[in-house]
Structure formats: C-alpha cells, structure tokens
Amino acid sequence: MRLFGFELHVRGPAGLQTVSDYRGGWWPLIREPFSGAWQRNQEWTTDTVLAHHAVYACVTRIAQDIGKLRPKLIERDEDAIWSEIENTAHSPVLRRPNRYQNHIQFKEWWTTSKLTRGNAYALLERDGRGVVSAMYILDPNRVTVLVAPDGSVFYDLKQDNLSGLERDSIAVPASEIIHDRINCLFHPLVGTSPIFACGTAANMGLQIQTNSSAFFGNGSNPSGILTTVQQITPEKANELSDLWNARFGKDKSGGVAVLGNGMKFEAMRMTAVDSQLIEQLHWTAETVCSTFHVPPWKVGIGPQPAYTKPEIANQAYYSDCLQALIEQWELCMDAALGFETATEGRMLGVELDLDGLLRMDVAAQYETMVKAAGGAVLTPDEARQKLDQGPLPGGDTLYRQQQEFSLEALAKRDAKPDPFGTTPPAAPAPDTQKALPAGAAASEDGTAARMVRLAALIDIKAATMRMAA
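Peer 1: Now, about the overall build of the chain: what can you tell me, with residues and values included?
Peer 2: Scanning the chain from N- to C-terminus turns up 13 helices and 16 strands. Scored against the burial criterion, the 469 residues of the chain give a buried share of 33%. Residue pairs in contact within the chain that sit at least 24 positions apart in sequence constitute 61% of those at least 6 positions apart. Approximately 29,700 Å² of the chain is accessible, and the part contributed by carbon and sulfur atoms is 56%.

Peer 1: Pulling in residues and values, what's your account of the pattern of salt bridges?
Peer 2: One pass over the structure, following the stated rule, counts 13 salt bridges. As a salt-bridge pair, lysine 114 and aspartate 180 come within 3.0 Å of each other at their nearest N and O atoms. Of this pair, lysine 114 sits in helix H4 (residues 103-117) while aspartate 180 sits in strand E13 (residues 177-181), and the two are 66 residues apart along the sequence. Judged on exposure class, the residue lysine 114 and its partner aspartate 180 are both buried.

Peer 1: Help me get a handle on the sheet that holds strand E6 (residues 71-76), residues and values and all.
Peer 2: Strand pairs in the sheet, formed through backbone hydrogen bonds, run parallel or antiparallel to each other. Strands sit in the order E7-E6-E16 across an open sheet of three strands; the sheet is antiparallel. Lying at the two open borders of the sheet, with one neighbouring strand each, are strand E7 (82-84) and strand E16 (347-352). Across the sheet, the mean angle separating the axes of adjacent strands is 40° when strand polarity is ignored. Two strands pair when backbone bridges link them, and E6 and E16 are joined in this way by six bridges, in the antiparallel orientation. Across the sheet, residue isoleucine 74 finds its bridge partner in E16, namely glycine 349. Against the sheet, helix H9 (residues 310-336) touches E6 and E16, its axis set at about 145° to E16.

Peer 1: Describe the pairing of E13, and please don't skip the residues or the numbers.
Peer 2: Counting buried positions along E13 gives four out of five residues, so the element sits mostly inside the fold. Across five bridges, the pairing between strand E8 (residues 119-126) and E13 is antiparallel. Directly across from leucine 123, in E13, lies its bridge partner isoleucine 177.

Peer 1: Talk me through the pairing of E6; I want residue IDs and the actual numbers.
Peer 2: Note that E6 and E7 share three bridges and pair antiparallel. Bridged to glutamate 75 within E7 is serine 83. Once E6 ends, the chain turns through five residues before running back antiparallel as E7, passing alanine 80 with a positive phi of about 60°.

Peer 1: An account of the nonpolar core is needed here, citing residue identities and associated values.
Peer 2: Ile62, Trp110, Ile178 and Phe292 are the most contacted members of the largest nonpolar core, which has 49 residues in total. Among the elements that take part in this core, H9 stands out by supplying 10 residues, more than any other. Residue contacts for isoleucine 62: discarding those within four places in its chain leaves Thr111, Leu115, Phe292, Val294, Tyr317, Cys321, Leu322 and Leu325.

Peer 1: Go over the packing of helix H2 (residues 53-67) against helix H8 (residues 277-292) with me, naming the residues and quoting the values.
Peer 2: As a packed pair, H2 and H8 sit with axes 8 Å apart at the nearest point and diverge in direction by 30°. Taken together, the axis directions place H2 and H8 in an arrangement best described as roughly parallel. The two elements H2 and H8 cross, and the hand of that crossing is right-handed. Of the residues in H8, those touching H2 at His53, Ala54, Val55, Cys58, Val59 and Ile62 are Ala285, Val288, Cys289 and Phe292. When its residues are assigned to classes, the contact of H2 with H8 shows nine nonpolar, one polar and no charged.

Peer 1: An account of the side chain of aspartate 156 is needed here, citing residue identities and associated values.
Peer 2: With respect to the element layout, aspartate 156 can be found in strand E11 (residues 153-160). With residues up to four places along the chain from it excluded, the contact list for aspartate 156 reads Arg142, Val143, Thr144, Leu146, Ser169, Ile170 and Ala171.

Peer 1: Could you give an account of the packing of aromatic side chains, with specific residues and numbers?
Peer 2: For the structure shown, the criterion picks out five aromatic pairs. With 5.7 Å between their ring centres and 65° between their planes, phenylalanine 106 and tryptophan 110 make a pair best called edge-to-face. Taken as a pair, phenylalanine 106 and tryptophan 110 lie in helix H4 at a separation of four residues, close to a single helical turn. Exposure remark for phenylalanine 106: the relative accessible area of 1% places this residue in the buried category. By way of ring pairs, the aromatic residues Phe106, Trp110 and Trp329 are connected into one cluster.

Peer 1: Outline unusual backbone geometry, listing residues and values.
Peer 2: Phi is positive for asparagine 183, close to 55°, though the residue is something other than glycine. Within the secondary structure layout, asparagine 183 lies in the loop between E13 and helix H5 (195-217). When its relative accessible area of 37% is taken as the criterion, asparagine 183 is described as partly exposed. Positive phi outside glycine occurs at histidine 293, with the angle close to 60°. Within the secondary structure, histidine 293 sits in the loop between H8 and H9.

Peer 1: Report on the sheet that holds E8, specifying residues and quantitative values.
Peer 2: On the basis of which strands lie adjacent, the open sheet formed by three strands has the order E9-E8-E13 and antiparallel pairing. Two strands lie at the open edges of the sheet, namely strand E9 (132-138) and E13, each paired on one side alone. Adjacent strand axes in the sheet meet at a mean angle of 25° when their direction is disregarded. Of the strand pairs in this sheet, E8 and E9 are connected by six bridges, and their pairing is antiparallel. Pairing of arginine 126 across the sheet is with valine 132, part of E9. Set on the sheet, H9 makes contact with E8, E9 and E13; between it and E13 the angle comes to about 160°.

How each quantity is defined
- Residues numbered from 1 in each chain as written.
- Predicted model: local features only at pLDDT ≥ 70, side-chain atom pairs only at ≥ 80, totals over all residues.
- Heavy atoms only, no water.
- Helix = DSSP H or I, 4+ residues; strand = E, 2+ residues; numbered from the N terminus.
- Buried < 20%, exposed > 50% of the residue type's maximum accessible area, 1.4 Å probe, protein only.
- Contact = heavy atoms within 4.5 Å.
- Areas by Shrake-Rupley, 256 points an atom, 1.4 Å probe, with all protein chains shown as cover.
- Salt bridge = Lys/Arg side-chain N within 4 Å of Asp/Glu carboxyl O.
- Pairing = 2+ DSSP bridges.
- Axes fitted to C-alpha atoms, helices over the stretch in contact; angles between N-to-C directions.
- Core = buried A, V, L, I, M, F, W, Y, C linked by side-chain atoms within 4.5 Å.
- Parallel < 35°, antiparallel > 145°, perpendicular 65-115°, else oblique.
- Left-handed = near helix turned anticlockwise from the far one by under 90°.
- Nonpolar A, V, L, I, M, F, W, Y, C, P; charged D, E, K, R; others polar.
- Phe/Tyr/Trp six-rings, centres within 6.5 Å; stacked < 30°, edge-to-face > 60°.

Fair warning: the whole summary comes from geometry, so function is off the table for now.
Written as structure tokens, this is what we have:
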C-alpha cells in the first residue's frame, strides 16, 4: 500500500484479536433505552443525541476552550525549570499539525472525537529522520484496536483519503498511532463517552421538544376522543374520525364543532402544567452537564452563582472539567514526539499555554502580573512581556519590599540572647572627666582630650597647696 506517497508493507502478526466492547465504547452506535425500542423507532444514536442543546453546548464549549490554548515546546534546564524554546524539528508540527488543520482546529477535532466517541486517534507521519512531521485525526468509527498474542497492540485502519490511507484495511503498530481515550470503564483500550451516561436524558429532552413542536403545530390544541352513549360500528367510528381530522385537524383547528346524538369531545393530552414541561427540560439539561462536568451556567443553563466570584468559578471549571483533558493531551503529545525520556541529554516536553483561558479577563491578568512582579516571582520585564509590552530600563531586576527580611537575617536575630530587646539598657557610668571648655571641640588627634587632662591636674595641685597652707 501507499501511505503519504511512500510504498509501505505493513502487516500485523498472526492471531490478532479484535478488541470490542458492547457496553458503551465504540459499539453500538445505536442504543436502546429499553428492550424493543429499536422496533418502535425510539432508539437513540450518538448523532441524534448531539442535536440536544446541552450535549452540543458541552462538547463545543470544552473543545473550543482547549482548542484556543497555544501548544508550547518546553525544555527542562539543570535547575529542573521548564522554559519555552523553539526547535526546527518539532515546533512546526505543533503550530500546524497537518496540511488542512491549524493547531486550534486540530485540538478541537481531537477533543470532539474523544467526548462523543470516547476515543481519539491520530496517525503519525514521519520524515526521513524518523521525526514526526504531521499528525492526522482519524474517524473513530473506522478504527479498530487489535491485540496480538504477545500483548502488542495494533490498529486496523480503514480507507481515509484525507489522511493518506488508500487501502481498505491496514494494521498499523501502536508506535504510529496516538490513542487518547476517556473513561475506560470496561476495557483499558476502549474509552467511554459521557453520552453513555446522559444519552437517555438527552433523548428524553429531544422527545419533549418534538412533542411540544407537534402540539404547537396543531394550534396548541390537545388531541382527544369523541365519545357517545350510543353504540356505533367500527366503520362509523373511522368515518367520524376522518371527518373530525379533515375539519378540525392541524391548521384548521380552532373552528366551531357541532356535535349531536350525545357526542362530546374529551382532551387526552396532558397540559404543560400537568407534565411539568419546563422542569423536565431543565432536568435533562442539568443531567447532561453533570456527565460532562461542565457548570450549567457555562452553557447558558441557569445563572452564575451569585455568591461566587468569576475567578473562583472559572478555576472550578478548569480543575473539574478541563485539567484532566489538558494533561492527557500533553502526555499523548510527549509520547508521540518521543519526549518521555531524555534525548542527547535534553529533556523536552509539550505544554498548553493556560494564559489563553484568561485572555479575555484583563483585570485578572493585570492583577496576577502585578503580584508576580512585586513578589520576586517575575521581573517587571517578564511580566510586561506576558502582556505584550516592551522592556524598560531596570526592568530585568527582581524587586521586594524594603521592610521585608530574609530568613537568614531573621535566624541571626533569633540567635541573640535578647532578640527582641526586651531587657532595659544599663545606666551609663558617671563621667569623672571635666567637660570641655566652651567652644572647645574634640578632634581625631586627641589634642583637646590632653588639654582637658592637663587642666584637671592643675586644679588638683592648686587645691592641695591650699590645704597645706
């Protein structure tokens, strides 16, 4: 077969076993909420459930939020600090994974496939050096996992001209496939979509909307029965039914009906109040949101909690819904590009830039940068760079408040006998020396001090002579 213009001869080992799961993985694409629903046209499929507004909103909300995060190629230095770098071998494929998708479309399609089918598959294309030069997201319905007797994993790929697969079927080793899966409830190689848990609720919501559409299409008039105390034949009943529908059905509803022979009309359909229509619709939407771990207000279902700040609410959305998906994507990319171990003494990795989640929250951005620059985490120039501002003179220096002390200085202070100076100072010793004469000033050569001592000796000698006399 030919793959990406090259002639390849790929054949899996003998005895490959197809991995299949009928409890929520790839199969079946059609599910029955109860036995016999398929025969009554009440089954639901993944495609039809996606028409439910909450399912559509949750899938697109998550896919778009992850898609807008810029992938970064990072390297770990000798201090175990990761910094963004540029590499001619790997940076281009991160910016544009293939010829028809940019990195945003690539991650959106990846996430959509994972959320709706439970599995996302990407076929790797390598250049002559063996370096990944392109990645193609495959249709999950056309990929099957195969396991060899020795436990090695292969993937059976069906024809896909967009991805360069020209053959009807080919077994590709796991080293050439990225397989990202979610909620492996029944098999470690089979992901389970959240739709497995919320499909019935979504289908219920669709049926409520369908019934409401039919009800309002009938002029908001409920269906019912014609009753009479007289006995009528089946032929007469069919004749009366056809006559009633012809005169008062659909767009002709609302007319004046004249009934005789004791006949009367009794409505059968429950009203919106009886069936609690709005409450049921709201319940189905909230159930869908709970399975996708999306706060209902994020997709327009109910208001944002009034007691929660926007920053805290967004942080909860990130940690409960997005974080696991983001880190799984990063690990899958590390494995695909060969970054799981150090290469030639360099440790590389792929990381999504989370600043994209705060790009619209300007106030939070500025507050975060001010705290980072004032807390000696970032220099002013590094903080300005994140806000697309140029450097300033002296901006490459870390700053702290003057009144703050290092731990080393505090330890030296605490080592003193009286670190807080609570003992009162001792009284100064009496000065036996005579004060300097007025106008005299002490000098560094000690001349003034000698003059004071000489004057004192003269005074003592004079006093002694007076006492002797």
